[in-house]
Amino acid sequence: MTELAWGIVGTGSVSRAIAADLALTPGVRRLAVTSREEPRAREFADTFSIERAYGGVEELLADEDVDILYIGTPHATHSDIAVRALEAGRHVLVEKPAGVDSSDVRRIADAARASGRFAMEGMWMRFAPAYRAAIEDIRNGAIGSVTSVRASFGIPFGDPESASWTVQRRSSTLLDQGIYPVTLALDVLGVPESLCATAHVRSDGVDLAVHATLEYRDHRFAQLAASMTGWTELSAAVSGSAGWLTLSPPFWATDRYVLHSLAGGATDQESLFRPDPTVHPREGFGYVPMLRAVTEAIADGLKEHPLHPLQDSITIAEILDRIRACATSQPQLGLPT
Ligand SMILES: NC(=O)c1ccc[n+]([C@@H]2O[C@H](COP(=O)([O-])OP(=O)(O)OC[C@H]3O[C@@H](n4cnc5c(N)ncnc54)[C@H](OP(=O)(O)O)[C@@H]3O)[C@@H](O)[C@H]2O)c1
């Protein structure tokens, strides 16, 4: 198999994890990295045994040996870099969220179509073996017909006044954490008929915490929460007419799920409380299954990956747009002074 030559954009925390997991992925050549400051790229290249280091995206794009760009920069920069890479004839794996809103994501999809190159948003959750097996079990009726979802991703990543979160970077818990519960809801319930949401939005417009209820026909619903300033429990649960399934924390990177089910004819409700766990160990930091899938898809000549096509990224971004619109139209509830 010819090796796919990867170029990494950005030397931050997720790029470090991806560089380490690329080393565990077959068919990969870790060719280049670029930073806004060349010495940072050089240090990164030395750490991860990457062959070439550059001081800007243009320099990376000028290297004709690079086949695919992994874009691990702030949200606000994703679509511009992705579109430039596609226009320069490179494949693209762009971090989640692919864009800051649905029109931003559509720009990437349009550029991908025009260039004929592969493009995908780095929604690694959908490639994790435990997540895939859980979704397959649910679709095969393991909990009957799905009635509700509960999922939350809240971790205190910093102080509410943190200066490292800025509107310029489009820092946002809805975009950063909320995208995972929304993707799970889409996977098992589809696009909501209606929704309502509230958020804790900082005076500069950065949303720090958000929770939403998504409503579907026949009284089905999803309750979702995200926060970057406080804990919300990190598992997810999908309930149905014959039981429920929990994705163990952290649900977006889980290595196991637990089925509590009466499907298959069991009548003893006690069996609901003798759960049936399924474990799929993580590979590396957990990005290897996605990196392998992208590498193989490109080798097979695919332009998108069937597990996370660009239309799904657009649909997810549209739901995030609707949540944002609802949450920002609500009054901000603070503590009484
Ligand atoms: N899939 C996942 O599990 C996962 C986990 C964490 C984050 N993410 C996503 O990955 C992206 C990056 O997150 P991160 O936590 O790695 O962020 P980070 O630590 O702040 O790193 C971002 C890097 O982007 C580069 N950069 C390029 N343009 C920049 C600009 N205008 N302002 C600031 N930095 C710029 C910087 O590298 P140089 O200084 O070298 O240019 C910086 O180190 C986000 O979109 C986030 O949603 C995904």
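How each quantity is defined
Residues numbered from 1 in each chain as written. Predicted model: local features only at pLDDT ≥ 70, side-chain atom pairs only at ≥ 80, totals over all residues. Heavy atoms only, no water. Core = buried A, V, L, I, M, F, W, Y, C linked by side-chain atoms within 4.5 Å. Buried < 20%, exposed > 50% of the residue type's maximum accessible area, 1.4 Å probe, protein only. Helix = DSSP H or I, 4+ residues; strand = E, 2+ residues; numbered from the N terminus. Contact = heavy atoms within 4.5 Å. UniProt positions renumbered as here; feature names shortened; annotations may be inferred. Phe/Tyr/Trp six-rings, centres within 6.5 Å; stacked < 30°, edge-to-face > 60°. Domains from an automatic or database assignment. Buried area = accessible area lost by both parts, 1.4 Å probe. Salt bridge = Lys/Arg side-chain N within 4 Å of Asp/Glu carboxyl O. Polar contact = N/O pair within 3.5 Å; in protein donor to acceptor, adjacent residues only side chain to side chain.

A short note on the nonpolar core
With 81 residues, the main nonpolar core has Trp6, Leu184, Leu214, Phe251, Trp252, Met290 and Ile323 as its most contacted residues. For this core, the leading source of residues is helix H8 (residues 179-189), giving 8 residues. Sequence-distant contacts of methionine 290, defined by excluding residues within four places in its chain, comprise Ile18, Leu93, Met120, Gly122, Met123, Trp124 and Phe127. Residues Leu69, Val92, Ala112 and Ala119 belong to the second largest nonpolar core, which totals 28 residues.

Regarding the UniProt feature "domain: GFO/IDH/MocA-like oxidoreductase" (unreviewed entry) in the protein chain
Per the UniProt record, "domain: GFO/IDH/MocA-like oxidoreductase" (unreviewed entry) is found at residues 131-245. Between the C-alpha atoms that bound residues 131-245 there is a distance of 11 Å. The span itself is 21% helix and 36% strand.

A short note on the packing of aromatic side chains
Inspection of every chain in the model, using the stated rule, returns 7 aromatic pairs. Counting every residue linked through ring pairs, the aromatic cluster contains Phe153, Phe157, Tyr180, Phe251 and Trp252.

Let's talk about the domain arrangement of the protein chain
Examined at the domain level, the protein chain breaks down into domain 1 (4-122 + 286-306) and domain 2 (126-282). When each unit is reduced to the centre of its C-alpha atoms, the spacing between domain 1 and domain 2 is 27 Å. Of the residues lining the interface, 14 residues belong to domain 1; the matching set on domain 2 comes to 12 residues. For the pair domain 1 and domain 2, the two sides together bury roughly 1,100 Å², of which 70% comes from carbon and sulfur. The largest per-residue losses of area from domain 1 upon contact with domain 2 belong to His75, Lys96 and Val100, which jointly make up 43% of the total buried on that side. Scanning the region where domain 1 abuts domain 2 turns up 1 salt bridge. With its nearest N and O atoms 2.8 Å apart, the salt bridge here joins aspartate 176 to lysine 96. Our count for the domain 1 to domain 2 interface comes out at 2 residue pairs in polar contact (both at pLDDT 80 or more). Residue assignment for the side of domain 1 that touches domain 2 shows that the elements contributing at least two residues are strand E6 (119-121) and helix H9 (288-299). Counting residues per element, the side of domain 1 that touches domain 2 draws most heavily on H9, which supplies 3 residues.

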